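The lines below spell out each chain.
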Protein chains: 2
Amino acid sequence: MRFGLEQWRTPANLMSLVVQKFGGTSLEDIEKLKNTAKRVAETKRLADHVVVVVSALGKTTDELVDLARQLSASPPEREMDMLLSTGEQISMALLAIALNELGEEAVSMTGQQVEIVTDKAHTKAKIRHVGTKRLFRELRKGRVVIVAGFQGVTPDGEITTLGRGGSDTTAVALAETLHADYCEIFTDVDGVFTADPRLVPEAKKISELSFMEMLEMASSGAKVLQARSVEYARNYNVPLHVRSSFHSGEGTWIKSEDEVMEKAIVSAVTHDFEEAKVTLMGLPDKPGVAASLFGALAKANINVDMIIQNVSEKKLADISFTVPKEDLQRTKKVVEELTESLGARQAIFDDKIAKISLIGAGMRSNPGIAARVFRTLANEGINIEMISTSPIKISCVVREQAGEKAVKSLHDHFGLGSSGGPKEPQGFQEPIPHEPYREDI
Amino acid sequence: MRFGLEQWRTPANLMSLVVQKFGGTSLEDIEKLKNTAKRVAETKRLADHVVVVVSALGKTTDELVDLARQLSASPPEREMDMLLSTGEQISMALLAIALNELGEEAVSMTGQQVEIVTDKAHTKAKIRHVGTKRLFRELRKGRVVIVAGFQGVTPDGEITTLGRGGSDTTAVALAETLHADYCEIFTDVDGVFTADPRLVPEAKKISELSFMEMLEMASSGAKVLQARSVEYARNYNVPLHVRSSFHSGEGTWIKSEDEVMEKAIVSAVTHDFEEAKVTLMGLPDKPGVAASLFGALAKANINVDMIIQNVSEKKLADISFTVPKEDLQRTKKVVEELTESLGARQAIFDDKIAKISLIGAGMRSNPGIAARVFRTLANEGINIEMISTSPIKISCVVREQAGEKAVKSLHDHFGLGSSGGPKEPQGFQEPIPHEPYREDI
């Protein structure tokens with residue numbers, strides 16, 4: 001139980017508040033909508049206050065994107081936000097109707113009505129501020145408040161969206177703002193797994209993870225949660241519970257590292273087939289080259305993931321980096337405009353890659369994990385094209401067609417399917433320095 | 001050319017402004033969206049400023065209503081507005097994308113962003129005020145502004161809708177506020193017809209109508225325009241042009257009566273199969289009975305159309321009235337709660353009726369039209385259950401199954417199919433008193 005917002009939830013007035021987020025698969029047809037409403041109503045009987053965040057129904061967002069693409073290869077991002085924000089508005093209204101039908105008073109609110117204020121970066125806006133006035137007014141009346149996920153509003157009243165998976169971020173931001181006890185993320189899987197079960201049938205559900213591990217997983221291709229929402233949860237210490245919307249079994253709890261009871265050395269293997277690799281060859285090895293390149297990419301709002309730079313002979317440098325495949329065309333444009341001014345000999349764009357990552361908080365205190373990763377992949381005849389590490393993650397870029405084999409062999413080698421992975425030696429508890437998370441560029 | 005808003009459109013600066021409204025059938029698939037965009041772009045090349053109002057794509061609104069009905073027989077109206085307002089937001093964003101793709105800068109705006117402020121009557125809100133600041137800002141940049149029809153926002157920031165066909169009202173309200181030269185309503189028919197061509201194949205397109213005639217037609221079942229939008233257009237003298245979205249031919253112009261060149265005695269026959277009849281029998285014939293009854297219905301936001309009252313023997317009165325079929329359940333509830341306190345003997349609810357109306361500005365100066373209507377129906381063996389007249393309209397309620405025959409026989413009798421109807425005698429021009437329109441209750 002956390003306290004705060006003393007005006008309305010005081011220690012003398014121990015009220016509980018839960019934020020629940022339901023994804024598109026929990027809302028894709030009338031039956032699922034009704035089940036979701038029942039689930040919320042049950043929670044409302046247990047908790048004093050419930051705030052629900054919804055995504056768009058089923059595949060609505062994809063269908064809307066498809067419509068827009070049929071009209072334009074590069075639709076204005078402002079209009080895309082206008083278009084896509086309707087998906088959540090539809091599902092929240094329907095869920096409110098279903099809840100009222102169950103006798104549970106509910107009211108839906110757009111990002112604008114809640115005042116989820118964001119910056120102006122259309123299609124990938126960041127939340128700057130969450131209003132509480134209207135939320136409190138409705139919660140005080142005993143109502144369930146259903147908030148549109150994924151959307152916000154700029155100070156000028158322009159509708160923005162937070163990028164794919166942004167509803168998780170909305171949920172965590174609300175949980176933080178309202179000092180919720182915890183934030184539940186309902187999804188179509190049972191929780192967070194040691195690998196994608198579609199690739200690795202033996203993959204097991206993980207019962208607890210630290211924010212840092214989840215953050216690395218989300219940044220490395222695990223789709224169950226969006227990295228930004230985990231970062232947000234970590235910054236404000238909002239416990240997350242990722243669970244199935246189809247049954248009431250426990251899912252995966254994500255909390256601060258000191259609250260995680262059972263610490264695995266290696267927690268999971270993730271993969272990301274959605275990145276592309278860009279290599280600039282023969283750059284002059286002098287200060288400012290990388291700064292101009294990545295400055296220009298940042299200005300174009302392109303999220304660069306891995307970056308490696310090597311100095312070759314003749315004082316020339318090669319720089320490789322990865323970007324989301326969907327940003328490759330825009331990246332190409334930026335890079336090609338810069339190639340000459342940077343003095344690069346050649347730019348190579350490669351979208352046939354896979355990024356495989358091994359994640360585990362225990363790696364920090366167990367040297368030699370990286371060597372075992374490289375040996376395992378070598379034994380399978382898989383060539384590694386890029387390597388990037390963090391204290392709790394090792395990522396390798398390999399050919400796309402080798403990706404699945406790489407995931408399976410690492411999952412197998414580290415015994416993740418059988419026991420949940422090798423544990424930290426019992427009784428040994430290394431003092432863990434508080435290490436701020438740094439986003440890859 | 002009308003002037004106004006001197007700050008930005010001055011007589012010395014003769015700029016033209018057109019408001020165009022496109023309905024769902026102009027936007028129901030990608031091809032039609034593209035054609036609509038081309039049409040707007042063409043207008044933009046001819047006019048200095050173009051404001052476009054859109055309805056939801058094709059059958060979107062019906063589909064959303066259907067989803068809600070699957071969840072609840074009586075969904076909260078606030079949530080219905082939240083739900084239904086998404087339809088227009090989708091179409092305006094897509095049209096903006098299509099226009100930008102044609103190289104025509106366009107920006108879409110919600111009712112909230114424009115500041116189309118309404119009262120709080122969810123699902124049938126009335127426009128109180130239309131903001132101009134943001135519209136002007138965008139128009140000044142040379143952009144086409146695409147506004148969501150049908151929706152508004154209360155002063156508290158709640159999303160409202162204006163009722164079915166409300167996009168027409170939005171278009172006229174914008175045309176008035178911006179002092180547009182005229183307002184074009186694009187639709188799937190060629191204009192306003194002397195009768196519904198699906199019922200009467202010989203029905204002809206009318207080239208000109210007065211606001212009053214159109215108002216009576218819209219109030220009597222003609223679906224091509226919403227009565228409120230015509231009333232608005234009349235009050236502010238905004239010329240309307242109802243035309244096809246599929247070809248560039250002229251449609252029907254609706255203007256003030258003194259601007260209509262060719263005045264027909266009878267202009268059209270309309271029908272309305274969407275009403276139900278309620279009869280309260282054996283009411284005490286004393287003051288205040290009708291006031292309590294219709295006061296309670298008005299409070300429940302039920303639009304009562306025709307009302308007739310007869311005094312029967314023993315000082316008892318019978319009251320009959322019609323309401324939209326969709327309001328019949330709610331009407332039943334209100335009436336049944338009142339039956340006892342009013343002292344009524346019995347209440348009868350009948351949804352198997354048709355209302356047939358004959359409309360024409362020339363009726364005022366040509367007595368005997370009503371008698372001809374009753375004779376024509378009698379000759380067909382059609383019994384008349386209720387009669388209501390205005391200076392330019394005669395409405396009869398008949399059995400539902402007799403409705404089609406009634407329309408055909410009146411259309412035929414008054415020669416509407418052949419010549420556009422009997423004309424006013426040449427050279428005779430009665431001075432027409434300015435008569436304010438009174439809505440039926």
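Reference entry: report on the structure contained in this document. Within each chain, residue numbers correspond to sequence positions counted from 1 in written order. Going through the entries in the order they are written, you letter the chains from A and number the ligands from 1. Since the coordinates come from a predicted model, pLDDT governs what is reported: local features require at least 70, and pairs of side-chain atoms require 80 or more to be given and counted, while whole-chain, interface and lining totals use all residues.

### Some thoughts on the interface of chain B and chain A
Here comes step 1: Once C-beta atoms have been placed from the backbone, residue pairs whose C-beta atoms lie within 7 Å are recorded as contacts. Contacts between chain B and chain A engage 28 residues on the former and 28 residues on the latter.
Here comes step 2: Helix and strand definitions here come from DSSP, where helices need a minimum of 4 consecutive H or I residues and strands a minimum of 2 consecutive E residues; each element is numbered from the N-terminal end. Taken together, the elements giving at least two residues each to the side of chain B that touches chain A come down to helix H1 (30–46), helix H2 (60–71), helix H3 (77–101) and helix H4 (111–114) of chain B.
Here comes step 3: For the side of chain B that touches chain A, the leading source of residues is H3(B), giving 13 residues.
Here comes step 4: Here the nonpolar group is Ala, Val, Leu, Ile, Met, Phe, Trp, Tyr, Cys and Pro; Asp, Glu, Lys and Arg are the charged ones; every other residue, Gly included, is treated as polar. The residue inventory of the side of chain B that touches chain A, partitioned by class, reads 16 nonpolar, nine polar and three charged.

### Observations regarding the environment of Pro324(B)
Residue and element names in this part refer to chain B.
Here comes step 1: As for its position among the elements, Pro324 is in strand S18 (residues 316–324).
Here comes step 2: Measuring from C-alpha to C-alpha, the distance between Pro324 and Asp272 comes to 9.6 Å, with 52 residues separating the pair along the chain.
Here comes step 3: In this structure, Pro324 is in contact with Glu274, Glu275 and Asn303, ignoring residues within four places of it in sequence.

### A look at the nonpolar core
Here comes step 1: Counting residues in hydrophobic clusters, the biggest one holds 249 residues, and the most contacted among them are Val52(A), Leu95(A), Val147(A), Val52(B), Leu95(B), Val147(B) and Cys183(B).
Here comes step 2: Both domains that meet at this core, namely domain 1 (17–188) and domain 2 (259–423) of chain B, each give it at least three residues.
Here comes step 3: Ignoring sequence-local partners within four residues, the contact set of Val147(A) consists of Val51(A), Val52(A), Val53(A), Met92(A), Met109(A), Val114(A), Thr170(A) and Leu174(A). In these notes, a nonpolar core means any group of buried Ala, Val, Leu, Ile, Met, Phe, Trp, Tyr and Cys residues linked to one another through C-beta atoms within 7 Å. In this scheme every C-beta is placed from the backbone, and a residue whose C-beta has 20 or more other C-beta atoms within 10 Å is buried, one with 12 or fewer is exposed, and one in between is partly exposed. Where a domain begins and ends is set by an automatic assignment or by a domain database.

### Comments concerning the packing of H1(B) against H3(B)
Residues and elements named next belong to chain B.
Here comes step 1: For helices, the fitted axis covers only the stretch in contact; all axes are lines through C-alpha atoms, and the angles between them, taken along N-to-C directions, range from 0 to 180 degrees. The contact between H1 and H3 brings their axes to 9 Å, and the two run at 60°. Crossing of H1 over H3 shows right-handed handedness. Note on element contacts: H3 touches H1 through Leu94, Leu95, Ala98 and Leu99, opposite Leu33, Lys34, Thr36, Ala37, Val40 and Ala41.
Here comes step 2: Counted by class, the contact of H1 with H3 contains eight nonpolar, one polar and one charged residues. Each crossing gets its hand from how the near helix is turned against the far one by less than a right angle, where anticlockwise is left-handed and clockwise is right-handed.

### Quick word on unusual backbone geometry
When glycine is set aside, most residues are seen to have a negative phi, and most peptide bonds are trans.
Residues and elements named next belong to chain A.
Here comes step 1: In this model, Asn237 sits at a positive phi of 55°, which is unusual for a non-glycine residue.
Here comes step 2: For Asn237, the position within the fold is in the loop between helix H8 (227–236) and strand S13 (240–244).
Here comes step 3: A count of 12 C-beta atoms within 10 Å places Asn237 in the exposed class.

### A short note on the pairing of strand S6 (residues 144–148) of chain A
Residue and element names in this part refer to chain A.
Here comes step 1: Most of S6 is tucked away: five of the five residues are buried.
Here comes step 2: Along S6, one buried face is formed by Val144, Ile146 and Ala148 and the opposite face, lined by Val145 and Val147, is buried too.
Here comes step 3: Between any two strands, at least two bridges found by DSSP are needed for them to pair. As judged from the four bridges shared by strand S2 (residues 49–54) and S6, these two strands associate in the parallel manner. Opposite Val53, over in S6, you have Val147 as the bridge partner.
Here comes step 4: When strand S3 (residues 106–109) meets S6, the two strands line up parallel, connected through four bridges.

### Looking at the sheet that holds S18(B)
Residue and element names in this part refer to chain B.
Here comes step 1: Overall, antiparallel pairing links the four strands, which are arranged S17-S18-S16-S19 in an open sheet. The strands lining the two open edges of the sheet, one partner per strand, are strand S17 (307–311) and strand S19 (346–350). Strand-to-strand twist of the sheet, defined as the mean angle between neighbouring strand axes without regard to direction, takes the value 15°.
Here comes step 2: Sheet topology places strand S16 (residues 275–284) next to S18; eight bridges connect them, and they run antiparallel. Each residue of the ladder has a partner; that of Ala276, found in S18, is Val323.

### What about the relation of the copies chain B and chain A?
Here comes step 1: Copy-to-copy alignment: least squares on C-alpha atoms, limited to residues at pLDDT 70 or above in both. Superposing chain B onto chain A takes a rotation of 179° plus a shift of 0.0 Å along the axis, which leaves an RMSD of 0.1 Å. Interpreted geometrically, this transformation is the action of a two-fold axis. Relative to the rotation axis, the closest C-alpha in chain B is found at Thr86(B), a distance of 2.7 Å.
Here comes step 2: When the interface residues of chain B are mapped onto chain A, 100% of them again fall at the interface, so both copies present the same face.

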